[in-house]
Amino acid sequence: MTAAQGEAQGEAQGFDGVERRGLMFVLSSPSGAGKTTLSRMLVAETPALQMSVSATTRQKRPGEVEGRDYYFVNQTRFDEMVANGELLEYATVFGNCYGTPRAPVEAALSSGKDVLFDIDWQGTQQLRSRSPNDVVSVFILPPSVAALEQRLHTRAQDSDEIIRGRMKKAGDEMSRFDAYDYIVVNDNIGIAFESVKSILRAEQLKRERQIGLTEFVRNLRRQLEK
Ligand code: 5GP
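For clarity, every value in this text was computed on a predicted model and none was experimentally measured.

(A) Molecular detail of the site of the ligand. The environment of the ligand is made up of 17 residues, and the closest members are Ser54, Arg58, Tyr70, Tyr98 and Asp120. One of the side-chain nitrogen or oxygen atoms of Arg58 is found 2.6 Å away from an oxygen atom of the ligand. Between Arg61 and the ligand, the recorded distance is 2.9 Å, taken from a side-chain N or O atom to an oxygen atom. Bound to the protein, the ligand loses 96% of the 510 Å² it would expose on its own. Because more than half of its atoms lie within 2 Å of the grid, the ligand is assigned to the largest pocket. Among the residues forming the shell around the ligand, the class breakdown is six nonpolar, four polar and seven charged.

Written out as structure tokens, the structure reads:
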């Protein structure tokens, strides 16, 4: 990690008053495995976690909100973002372009927040090669093909043809599990949520992320000597 990257990462105040480095928490899965639900639950319960909102060239689905779910942009604007270096990572998924705007992520990290990414394996790889020590990645698997199909239909946002396409791609996407740090099988959303939350909490508490520990312990010892 370079000094500049370190600066961009920023420092957060930890749970116990110990200064902490922010982390980049990535959730990936085949569509329909419950990743979006888990992301929303996690952000709702974790004030110091900010969701990264991606830019995409795909059409807005019913119920999606500009700036909350995605920034919906045309191909020209997307290409411009790539050319200007405005994206931290980008990839083509299901024939559409997706990318993570760099500025909000850097601002969040430098204000001491952790950032949550709902991105695919290609984007995860790019983030990891850029910031190997700051990325924590979790892959969510469905408990069965039947559950995956049912979730895609229940979501009712896509046509049958698109759902068939997504099912076909699910096998490919699942085969990428071995590049992730943690794997959660989402059989029960409550249990999966507890698992994801525990992973985040444990990673936040890693010694090397608690960069203020030397100072903290020095203070404790000073008090003991009084
Ligand atoms: P959907 O169209 O269903 O919202 O997303 C399709 C896939 O694109 C999902 O696997 C999602 O994680 C991925 N994705 C969404 N945003 C990004 C992004 O900014 N970068 C990358 N690499 N993948 C993304």
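(B) Quick peek at the packing of aromatic side chains. Applying the stated criterion across every chain, the model contains three aromatic pairs. Residues Tyr70 and Phe72 carry aromatic rings whose centres are separated by 5.8 Å and whose planes lie at 65° to one another, so their mutual orientation is edge-to-face. A single burial state applies to Tyr70 and to Phe72, both of which are buried. Where Phe139 meets Tyr180, the ring centres are 4.9 Å apart and the plane angle is 55°; that geometry is what we call tilted. On the criterion of sequence distance, the pair formed by Phe139 in strand β10 (residues 135–141) and Tyr180 in the loop between α7 (160–174) and β11 (182–185) is long-range, its members being 41 residues apart. In textbook terms, an aromatic cluster arises when at least three aromatic residues are bridged by ring pairs, as seen for Tyr70, Phe72 and Tyr98.

Rules behind the numbers
Residues numbered from 1 in each chain as written. Predicted model: local features only at pLDDT ≥ 70, side-chain atom pairs only at ≥ 80, totals over all residues. Heavy atoms only, no water. Near = heavy atom within 4 Å. Polar contact = N/O pair within 3.5 Å; in protein donor to acceptor, adjacent residues only side chain to side chain. Areas by Shrake-Rupley, 256 points an atom, 1.4 Å probe, with all protein chains shown as cover. 1 Å grid on protein atoms, 1.4 Å probe; cavity = no way out; pocket = protein on both sides within 12 Å on 5 of 7 lines; lining within 4 Å. Sits in = over half its atoms within 2 Å of the grid points. Nonpolar A, V, L, I, M, F, W, Y, C, P; charged D, E, K, R; others polar. Phe/Tyr/Trp six-rings, centres within 6.5 Å; stacked < 30°, edge-to-face > 60°. Buried < 20%, exposed > 50% of the residue type's maximum accessible area, 1.4 Å probe, protein only. Helix = DSSP H or I, 4+ residues; strand = E, 2+ residues; numbered from the N terminus.

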